[in-house]
Amino acid sequence: MTAIDRPFYRRSHWHWGLVVPPVLLAALLFGASLGETNIPANVVLQVLANKLFDAGYPVDRIDEGIVWNYRMSRAVVAACCGAGLALSGVILQALLRNALADPYLLGISAGASTGAVAVTVIGLGGGLISLSLGAFTGALMAFGFVALLAHAAGGGAGLRAASVIVLAGIAGSQMFNAITTFLITKSANAEQSRAIMFWLMGNMSGVRWPDVTTVVPAAVLGVGVCLWNTRALDAFTFGADSAASLGVSVKRVQLTLIGIAALVTAVMVSVVGAIGFVGLVIPHAMRFMVGHRHGILVPASALAGAVFLIFADVISRVIIPGQVLPIGVVTALVGAPVFALILINGRASR
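Residues numbered from 1 in each chain as written. Predicted model: local features only at pLDDT ≥ 70, side-chain atom pairs only at ≥ 80, totals over all residues. Heavy atoms only, no water.

Things to note about the packing of helix H3 (residues 61–96) against helix H8 (residues 209–228)
Packed helix pairs are specified by the crossing angle of their axes together with the interaxial distance, meaning the distance between the axes.
Line of reasoning, step 1. Between H3 and H8, whose axes approach to 9 Å, the crossing angle comes to 30°. Accordingly, the angle class assigned to the pair H3 and H8 is roughly parallel. The two elements H3 and H8 meet at a crossing, and its hand is left-handed. In contact with Trp 68, Asn 69, Met 72, Ser 73, Val 76, Val 77, Cys 80, Leu 87 and Ile 91 of H3, H8 contributes Trp 209, Asp 211, Val 212, Val 215, Val 216, Ala 219, Gly 222, Val 223 and Cys 226.
Line of reasoning, step 2. Split into classes, the residues belonging to the contact of H3 with H8 amount to 14 nonpolar, three polar and one charged. (Axes fitted to C-alpha atoms, helices over the stretch in contact; angles between N-to-C directions. Helix = DSSP H or I, 4+ residues; strand = E, 2+ residues; numbered from the N terminus. Parallel < 35°, antiparallel > 145°, perpendicular 65-115°, else oblique. Left-handed = near helix turned anticlockwise from the far one by under 90°. Contact = heavy atoms within 4.5 Å. Nonpolar A, V, L, I, M, F, W, Y, C, P; charged D, E, K, R; others polar.)

Here's the deal with H8
Line of reasoning, step 1. Between its terminal C-alpha atoms H8 stretches 29 Å, which fits the 28 Å expected from 20 residues at 1.5 Å a residue.
Line of reasoning, step 2. Where H8 is concerned, the buried positions are Val 212, Val 215, Ala 218, Ala 219, Gly 222, Val 225 and Cys 226.
Line of reasoning, step 3. Elements in contact with the buried residues of H8: H3, helix H9 (230–236), helix H11 (250–272) and helix H13 (294–318). (Expected span 1.5 Å × (residues − 1). Buried < 20%, exposed > 50% of the residue type's maximum accessible area, 1.4 Å probe, protein only.)

Comments concerning the pattern of salt bridges
Line of reasoning, step 1. Following the criterion strictly, the structure yields two salt bridges and no others.
Line of reasoning, step 2. In this structure, the salt-bridge partner of Arg 317 is Asp 313, at a minimum N-O distance of 3.4 Å. Of this pair, Arg 317 and Asp 313 both sit in helix H13, four residues apart, which is roughly one turn of the helix.
Line of reasoning, step 3. Judged by its relative accessible area of 1%, Asp 313 falls in the buried class.
Line of reasoning, step 4. Residues joined by salt bridges that share partners form a network here, namely Arg 74, Asp 313 and Arg 317. (Salt bridge = Lys/Arg side-chain N within 4 Å of Asp/Glu carboxyl O.)

Comments concerning the confidence of the model for the protein chain
Line of reasoning, step 1. On average, the protein chain scores 85 in pLDDT, and the residues at 70 or more come to 91%.
Line of reasoning, step 2. Below a pLDDT of 50 lies the segment residues 1–14, which in the model reaches twelve contacts outside its immediate sequence neighbourhood of four places, other chains included. (pLDDT = per-residue confidence, 0-100.)

Quick word on the environment of Ala 94
Line of reasoning, step 1. In this structure, Ala 94 sits in helix H3.
Line of reasoning, step 2. Setting aside residues up to four positions removed in sequence, Ala 94 forms contacts with Leu 233, Phe 236 and His 294.

Digging into the environment of Arg 317
Line of reasoning, step 1. For Arg 317, a relative accessible area of 4% translates into the label buried.
Line of reasoning, step 2. Between the C-alpha atom of Arg 317 and that of Asn 38, which follows or precedes it by 279 residues, the distance is 12 Å.
Line of reasoning, step 3. Once residues within four sequence positions are removed from consideration, Arg 317 is found in contact with Gly 31, Leu 34, Gly 35, Glu 36, Tyr 70, Arg 71, Arg 74 and Gln 323.

A word on the side chain of Asp 234
Line of reasoning, step 1. The residue Asp 234 is located in helix H9 in this model.
Line of reasoning, step 2. Arg 293 provides the closest opposite charge to the buried, salt-bridge-free Asp 234, at an N-O distance of 4.0 Å.
Line of reasoning, step 3. Excluding anything up to four places from it in sequence, Asp 234 contacts His 292, Arg 293 and His 294. (Lys, Arg positive; Asp, Glu negative; His and termini not counted.)

Re a nonpolar patch on the surface
Line of reasoning, step 1. Together, Ile 315, Ile 319, Ile 320, Leu 333, Val 334 and Val 338 make up an exposed nonpolar region whose accessible area comes to about 440 Å².
Line of reasoning, step 2. In terms of residue count, helix H14 (residues 327–349) provides more of the nonpolar patch than any other element does, three residues in total.
Line of reasoning, step 3. Within the secondary structure, Ile 319 sits in the loop between H13 and H14. (Patch = residues over 30% accessible without salt bridge, like charges linked within 9 Å, V, L, I, M, F, W, Y side chains within 5 Å. Areas by Shrake-Rupley, 256 points an atom, 1.4 Å probe, with all protein chains shown as cover.)

So, the state of the cysteines
Line of reasoning, step 1. As enumerated under the stated definition, the model contains zero disulfides in all.
Line of reasoning, step 2. Lacking any disulfide linkage, Cys 81 is separated from the closest cysteine sulfur, that of Cys 80, by 6.9 Å.
Line of reasoning, step 3. What makes Cys 81 buried here is its relative accessible area of 1%.
Line of reasoning, step 4. Cys 226 takes part in no disulfide bond, and the closest cysteine sulfur to it belongs to Cys 80, at a distance of 14 Å. (Disulfide = S-S within 2.5 Å.)

A word on unusual backbone geometry
Line of reasoning, step 1. The phi torsion at Asp 54 lies on the positive side, around 50°, for a residue other than glycine.
Line of reasoning, step 2. Its location among the elements puts Asp 54 in the loop between helix H2 (41–53) and H3.
Line of reasoning, step 3. The backbone of Phe 277 shows a phi angle near 75°, a positive value even though the residue is not glycine.
Line of reasoning, step 4. Relative to the helices and strands, Phe 277 resides in the loop between H11 and helix H12 (278–290).

Set out below in structure tokens:
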């Protein structure tokens, strides 16, 4: 830990819990206020008070419907998805010691998409398998394929291991994306194909309150497990052997955290589709701002991911009048330049 990191890290223990709630609330209010019809923040608060506490404020029924039935549910789901994907990136980058590791690049998102499409389009499981379970199975299969391919390629250690994992992830992503496209082309009609392809790019148009009950437990579980294992994640910064010498149960921690990353990614993909760059860019940006200690990196990344995806959702609704852009397009348009700046700054600081 550097001298720059230390003061912020120590202060974070007592003030972090005071920062997260107001920032997250402000982001949710922002997400519920802006759209084709802008609604003042005080009206949004009145709607929330009426719905949550039966306050009885006089609010226009149209505004109330827009805020509660449409925008607020989207904002909550966006926050959970952003936090979950960012944490998955933190986990994978720490365990694999690979700066390019994230759910999208390592094929987890592609596998989750394949599993979800297999359940919805071809009816895999005969109705006994839920969409989230199908996505989770596909995510685990994809990561297993990437891990086996990297092992068979003999990645070794250091830079070669990092490059082999990335190349294996690219291969896995392409293969599972191809399987997904094949399933859609073979089994879906034209209308289904259009809807699924739009969903696969990240679509929050159909998100409603029942989806909140799916993503909130996954996000909370991901945050809780990551916070419980922050010391282990710190130990993995120096490699698995160093972590073992520090008393970390390497296999148990790896299985637990990779399983959580796959589960969280699968749940989010099953609800909103595959969204790229969140799990890659947010952890890098937060390391630049708060340092490498996972005790603060985990909550910082979760909060930043939540705020980022809420803002991306707002942009997707307002950038083209009368149309909604897939949120994955927005995250890529924003994430790619930001990641380029991070790479340039990282090179300049060396």
